[in-house]
Amino acid sequence: MESQRGDGGSVGLDGTRLETLAPEPLLTRDYETRPALVYERLRQRHGPVAPVDLLGVPAWLVLGYRESLQVLQDDDGWPKGLENWRARSEGRVPADWPLGPSLEVNHILIQGGPGYRPLRSAWDVALKPFQDPRHPQAKRLKAAVTAYADELITLVGQGGRTGVADLSAQFSRPLPLMVASHLLGFPGSQGDDALMDMWRVLDAGPDAEAALERLLATLAELAALKLEKPGDDFPSYLLAAHPDLSLDHLARELFMLLGMTSDHVGILISNTVVEVISGEGSVRASLSAGMVRETMNRVVMRKPPLVNFVPRFAARDTPLGNYTIRAGDPVWVSPGAAHADPLFADHVAAGTTISTRAHLSWGAGPRQCPARELASTVAAVGVGRLFERFDYLDLALPADQLPWRSSPFMRGLRSLPVHYELASAPPPRPWADDPAPGVAEEVLPDPSARQRSSLWRYLTGLIRGGR
């Protein structure tokens, strides 16, 4: 039986096996600079599901919005878990495959099988105090985000009330890492070395492997500390909700929280800033109306930070798009491509501040991101504080010349150079009228400890270097 693409041309047989299709490479220079064009070319050739080559390993890429929902909402038909990958079980995935290390760390984002549900339940319980706005921890977290944002903006201002700054390196990237350190319960600024190592891991440079080893060791030490002396923090809550977690497993879960929270939220902050100050009318209208979250909603529809989700696998031979996906084939859902699907994009009104909440940036179905409310809060408070503290922000480069970094999973800016002018007087912090004073002192480390920290030395160096 022939499968047909949208214009009626034949693209092959419905029963053709993935490994015989000779798929084209996905991660090319075109993909790094213009991913939307790559997605559209694949859609025109194959329809809503396309065979692609991921650094030497064939996989299915889901481009269609309807097909993405079909996969995401059916956890039994499209499970996670590398044990479901037929090619891997048969030894056809190279041992040195570049994406292997990131997928082999078995945490909640990757895990399948019977262990997932109790782990997910524990995550939901452990995150609830930070995501439920009625809970004191959620209020304290919001205060922490504002305090950290103010610290970073004040540090930028040490270069002058007006000037040029890289808001990615000096604000968007460090802010969620600082918040993650607060969530993990690192004492004082002791987690700053771990935060710097997380940066090295995310940047995938020559020192990434050594940084990952140090980071996992640091997180294992933190896990042991929380087992001995629990606190009001995420690892302590996760241990209480899932007492059977080994320290090694807990360290992997903390690594996932640290990595995903920092990179995803940092990109979301930068993308929102670019959309607001580059002059797109509906985004500016949303922000001026105080609808920061609605602004972010519209941003993630156009530029989702997480462009491809980690793979799922067909539980049985299943029709999807114009192909039959064989049992054990890897399937990568692409929200970046799904949001460009005319079925979705044509129903998003461009000239209104009222949006659909149907975007896929946080996933969908039973495995939707458990920390989506937490991440949204951090990004919204950070963006809001940024525009409260600066009277003027403008891009130092044309928007189409901003440098992007792409990976198989994420897409964000390498740098965000801006011209700025600080407000003459900072607006009051949200807890100014709180009946419990001292919240800033609770969430901020001792100033002398901050100045000694590796993260702060790095950020101060950016100012002294005039970058």
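Owing to the predicted nature of the structure, the values given are computational and were not obtained by experimental measurement.

Colleague: Explanation requested: the overall build of the chain in the structure shown.
Modeller: If you tally the helices and strands in the chain, you get 21 helices and 14 strands. Classification of the 467 residues of the chain by burial places 57% in the buried group. By sequence separation, contacts in the chain at least 24 residues apart represent 74% of the contacts at least 6 residues apart. Of the roughly 19,900 Å² of accessible surface on the chain, 53% is carried by carbon and sulfur atoms.

Colleague: Looking at this model, I keep getting lost on unusual backbone geometry. Mind explaining?
Modeller: Phi is mostly negative for residues that are not glycine, and the peptide bonds are mostly trans. The backbone phi angle of Ala22 is positive, close to 50 degrees, even though this residue is not glycine. Locating Ala22 in the fold gives a position in the loop between strand S2 (10–13) and strand S3 (24–25). In this structure Ala22 comes out as exposed when scored by relative accessible area, which is 66%. With phi around 55 degrees, Leu55 is a residue other than glycine that occupies positive phi space. Mapped onto the elements, Leu55 comes out in the loop between strand S4 (49–54) and strand S5 (57–62). Residue Leu55 is classed as partly exposed on the basis of its relative accessible area, which comes to 42%.

Colleague: What is the right way to look at the layout of surface pockets in this model?
Modeller: To find leftover empty space, a probe the size of one water molecule is rolled over the atoms. By volume, the second largest pocket amounts to about 540 Å³. Lining of the second largest pocket is provided by 24 residues; of these, Pro35, Ala36, Arg302, Lys303 and Arg411 occupy positions nearest its centre. The dominant element in the lining of the second largest pocket, judged by the number of residues it contributes, is helix H2 (residues 35–46), at 4 residues. When its residues are assigned to classes, the lining of the second largest pocket shows 12 nonpolar, 5 polar and 7 charged.

Colleague: I would appreciate a short explanation of the packing of aromatic side chains in the present structure.
Modeller: Two descriptors summarise a pair of aromatic rings, namely the distance from one centre to the other and the angle between the planes of the rings. In the structure shown here, the tally under the stated rule is 9 aromatic pairs. Plain terms: the ring middles of Trp332 and Phe409 are 5.6 Å apart, the flat faces sit at 25 degrees to each other, and that makes the pair stacked. Placement of the pair is Trp332 in strand S10 (residues 330–333) and Phe409 in the loop between strand S12 (404–406) and strand S13 (411–413), with a sequence separation of 77 residues. Judged by its relative accessible area of 15%, Phe409 is buried. An aromatic cluster is present here, built from Trp85, Trp97 and Phe313 joined pairwise through their rings.

Colleague: I would appreciate a short explanation of the pairing of S10 in the present structure.
Modeller: Side chains on a regular strand alternate between the two faces of the sheet. Burial of S10 is two-sided: the residues Pro330 and Trp332 facing one way and the residues Val331 and Val333 facing the other way are all buried. As defined by bridge partners, S5 adjoins S10 across 3 bridges and the pair is classed as parallel. Directly across from Trp60, in S10, lies its bridge partner Val331. Relative to S10, strand S7 (residues 312–313) runs antiparallel, the two sharing 2 bridges. Along S10, the bridge assignment pairs Arg312 with Val331.

Colleague: How should I be thinking about the environment of Phe186 in this particular structure?
Modeller: Here Phe186 is to be found in the loop between helix H9 (174–184) and helix H10 (192–203). Exposure remark for Phe186: the relative accessible area of 10% places this residue in the buried category. Separated by 33 residues in the primary sequence, Phe186 and Leu219 have C-alpha atoms spaced 9.6 Å apart. Phe186 has contacts with Ser181, Gly191, Ala194, Thr218, Leu219 and Leu222, leaving out every residue within four places of it along the chain.

Colleague: Would you explain the environment of Asp232 in this entry?
Modeller: Assignment of secondary structure puts Asp232 in the loop between helix H11 (208–228) and helix H12 (234–241). Asp232 sits 47 residues away from Gly185 along the chain, and the two C-alpha atoms are 7.6 Å apart.

Colleague: Would you mind showing me how to read helix H18 (residues 372–389) here?
Modeller: For an α-helix the count is 3.6 residues per turn, leaving residues at separations of three or four pointing the same way. Counted at 1.5 Å a residue, the expected span for H18 with its 18 residues is 26 Å, and the 26 Å between its end C-alpha atoms agrees. Counting buried positions along H18 gives 14 out of 18 residues, so the element sits mostly inside the fold.

Colleague: Which parts of the structure should I look at to understand the sheet that holds strand S11 (residues 390–395)?
Modeller: The strands that make up a sheet are held in pairs by hydrogen bonds between backbone atoms, and each pair lies either parallel or antiparallel. Spatial ordering of the open sheet is given by S6-S14-S11, a layout of 3 strands whose pairing is antiparallel. The outermost strands of the open sheet, each flanked by one partner alone, are strand S6 (162–166) and S11. Averaged over neighbouring strand pairs, the angle between their axes works out to 30 degrees when direction is ignored. The strands that helix H7 (residues 136–157) touches are S6, S11 and strand S14 (417–422); relative to S14, the one it contacts most, it runs at about 90 degrees.

Colleague: Explanation requested: the sheet that holds S10 in the structure shown.
Modeller: As summarised here, the arrangement of the 5 strands in space is S3-S4-S5-S10-S7, forming an open sheet in which the pairing is mixed. What marks the edges here is a single partner per strand, and that holds for S3 and S7. Alignment of S4 against S5, held across 6 bridges, turns out to be antiparallel. Its bridge partner being in S5, Val49 is matched across the sheet by Val62. Docked against the sheet, H2 engages S3, S4 and S5, running at close to 125 degrees with respect to S4. Where helix H3 (residues 65–72) meets the sheet, it contacts S4, S5, S7 and S10, and its direction lies at approximately 120 degrees from that of S10.

Colleague: Any chance you could explain the pattern of salt bridges here in plain terms?
Modeller: Pairing between side chains of opposite charge can happen when their charged atoms approach one another. This model, assessed by the stated rule, comprises 25 salt bridges. Glu32 is the partner of Arg29 in a salt bridge, and the nearest nitrogen-oxygen pair spans 3.8 Å. Within this pair, Arg29 and its partner Glu32 are both found in helix H1 (residues 29–33), separated by 3 residues, close to a single helical turn. You can call Glu32 partly exposed: its relative accessible area is 22%.

Colleague: It is not clear to me how empty space enclosed by the protein should be interpreted in this structure. Could you clarify?
Modeller: Across all of its chains, the model carries 2 cavities of 30 Å³ or more by this definition. By volume, the largest cavity is sized at about 90 Å³. Contributing to the lining of the largest cavity are 13 residues, with Arg173, Asp263, Gly266, Ile267 and Arg405 lying nearest its centre. With 5 residues, helix H13 (residues 247–277) is the largest single contributor of residues to the lining of the largest cavity.

Colleague: Hey, could you run me through the confidence of the model for the chain in this one?
Modeller: Fine structural detail should not be taken from predicted coordinates in areas where pLDDT scores are low. In this model, the chain carries a mean pLDDT of 84, and residues with pLDDT of at least 70 account for 84%. Confidence over residues 1–13 falls short of pLDDT 50; this stretch has 24 contacts with residues more than four positions distant or in other chains. Taken together, the stretch residues 435–439 has pLDDT below 50 and engages in 2 contacts with residues farther than four places along the chain or on a different chain.

Rules used throughout
- Residues numbered from 1 in each chain as written.
- Predicted model: local features only at pLDDT ≥ 70, side-chain atom pairs only at ≥ 80, totals over all residues.
- Heavy atoms only, no water.
- Helix = DSSP H or I, 4+ residues; strand = E, 2+ residues; numbered from the N terminus.
- Buried < 20%, exposed > 50% of the residue type's maximum accessible area, 1.4 Å probe, protein only.
- Contact = heavy atoms within 4.5 Å.
- Areas by Shrake-Rupley, 256 points an atom, 1.4 Å probe, with all protein chains shown as cover.
- 1 Å grid on protein atoms, 1.4 Å probe; cavity = no way out; pocket = protein on both sides within 12 Å on 5 of 7 lines; lining within 4 Å.
- Points joined across faces, edges and corners; volume = space filled by probe spheres on them.
- Nonpolar A, V, L, I, M, F, W, Y, C, P; charged D, E, K, R; others polar.
- Phe/Tyr/Trp six-rings, centres within 6.5 Å; stacked < 30°, edge-to-face > 60°.
- Pairing = 2+ DSSP bridges.
- Expected span 1.5 Å × (residues − 1).
- Axes fitted to C-alpha atoms, helices over the stretch in contact; angles between N-to-C directions.
- Salt bridge = Lys/Arg side-chain N within 4 Å of Asp/Glu carboxyl O.
- pLDDT = per-residue confidence, 0-100.

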